[in-house]
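Residue-level structural notes
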Amino acid sequence: MITLTYSAAFITFFSVIGPPKVLLAFAGLAQHHPRRDLRTIALVSSAGAVIIGVAAGFSSPWLLELFHISTPALALAGGTIFFLYAVGLVLGLHIGTDDAGEDGPDLTSGLRELLMPYVVSPLAMTAVLIEAAERNDWGWRGTVVVAFISVIAVDLACILLLGPLLQRAHTAIVELVARLVGLLLAAVGVDLVLDGLFDLGVTTLSARS
């Protein structure tokens, strides 16, 4: 995950929280929410992701020091949580979703459904914290934060443009894609865990060996 430039940081964040993964999360919401609500959910959740990303990026060294967390331990935790979420996708278990109320799905339930995969994505937050802590420099942390915000802006643009198409997608297609993508995301989570183990010296279990 270690990068040295804005473009490399952008690519890192694009790979962990880019449009393919975010659109999948919004596709499920599009099946149950009207277009106006979907647009509001997209804007509010994107704003939440930006706020959390900025806070995590600029405070990364102090957060890791406060909780006495090493970057390998963070990689292990983030990878494990993300792996469990991905397994839920493969098995059709939508972690973090709420039952619709008597009047049907509302904005609050939609935002809660996006809390885990988008607003506080374990993989994205792990990447932000590790990248920002790589250098003890405000300029570098600013670069990481700007790269993260850029990816969120791309995600939001794709959501707003493709929202009508997502609403027309058949539920069976969304479920099929979710399970296929879940398998790939589970592999990403495993790879992150192996990276954490490698950094701790367990080289025989690392994907890099």
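For the structure itself, look to the data block above.
Computed from a prediction, not measured in an experiment: that's the story for all the values here.

1. Topic: the environment of Gly53
- Mapped onto the elements of the fold, Gly53 is located in helix α3 (residues 35-66).
- The buried category is assigned to Gly53, whose relative accessible area is 1%.
- Put simply, Gly53 and Phe148 are 95 residues apart on the chain and 7.1 Å apart in space, counted from C-alpha to C-alpha.

2. Regarding unusual backbone geometry
- Unusually for a residue other than glycine, His68 sits at a positive phi of about 55°.
- Structurally, His68 can be placed in the loop between α3 and α4 (71-91).

3. Things to note about the side chain of Asp155
- When you line up the elements, Asp155 lands in helix α8 (residues 138-168).
- Apart from residues lying up to four places away in sequence, Asp155 is in contact with Ile17, Gly18, Pro19, Val22 and Tyr118.

4. Regarding the nonpolar core
- Among the nonpolar cores identified, the biggest contains 48 residues, and Phe13, Ile17, Phe26, Leu114, Tyr118 and Phe148 are the most heavily contacted of them.
- Leaving out residues up to four positions away in the same chain, Phe148 has contacts with Phe13, Ala49, Val50, Gly53, Ala124, Met125 and Val128.

5. Considerations on helix α2 (residues 19-30)
- For α2, the tally of buried residues reaches 9 of 12 residues, placing the bulk of the element in the interior.
- Burial in α2 covers these residues: Pro19, Val22, Leu23, Leu24, Ala25, Phe26, Ala27, Leu29 and Ala30.

6. Digging into the side chain of Thr126
- Along the chain, the position of Thr126 falls in helix α7 (residues 122-133).
- Judged by its relative accessible area of 3%, Thr126 is buried.
- Discounting residues that sit within four places of it in the chain, Thr126 has contacts with Leu74, Ala75, Gly78 and Leu192.

7. Some points on the packing of aromatic side chains
- Evaluation of the coordinates by the stated rule reveals 7 aromatic pairs.
- Both rings, one in Phe26 and one in Tyr118, keep their centres 6.0 Å apart while their planes meet at 75°; by these two values the pair is edge-to-face. In this pair, Phe26 is assigned in helix α2 and Tyr118 in helix α6 (residues 115-119), connecting sequence segments 92 residues apart.
- For Phe26, a relative accessible area of 0% corresponds to the buried category.
- The interplanar angle of 35° and the centroid separation of 5.6 Å between the aromatic rings of Trp62 and Trp138 together place this pair among those described as tilted. Pair noted here: Trp62 is in helix α3 and Trp138 is in helix α8, with a separation of 76 residues, a long-range link.
- Under the relative-accessibility criterion, Trp62 is labelled partly exposed at 44%.
- Residue class for Trp138 comes out exposed when judged on its relative accessible area of 52%.
- Three or more aromatic residues joined by ring pairs form one cluster here, namely Tyr6, Phe10 and Phe14.
- Seen from the ring of Trp140, Arg135 lies directly overhead, with NZ or CZ sitting 4.8 Å from the centre.

The rules behind each value
Residues numbered from 1 in each chain as written. Predicted model: local features only at pLDDT ≥ 70, side-chain atom pairs only at ≥ 80, totals over all residues. Heavy atoms only, no water. Helix = DSSP H or I, 4+ residues; strand = E, 2+ residues; numbered from the N terminus. Buried < 20%, exposed > 50% of the residue type's maximum accessible area, 1.4 Å probe, protein only. Contact = heavy atoms within 4.5 Å. Core = buried A, V, L, I, M, F, W, Y, C linked by side-chain atoms within 4.5 Å. Phe/Tyr/Trp six-rings, centres within 6.5 Å; stacked < 30°, edge-to-face > 60°. Lys NZ or Arg CZ within 6 Å of the ring centre and 35° of its normal.

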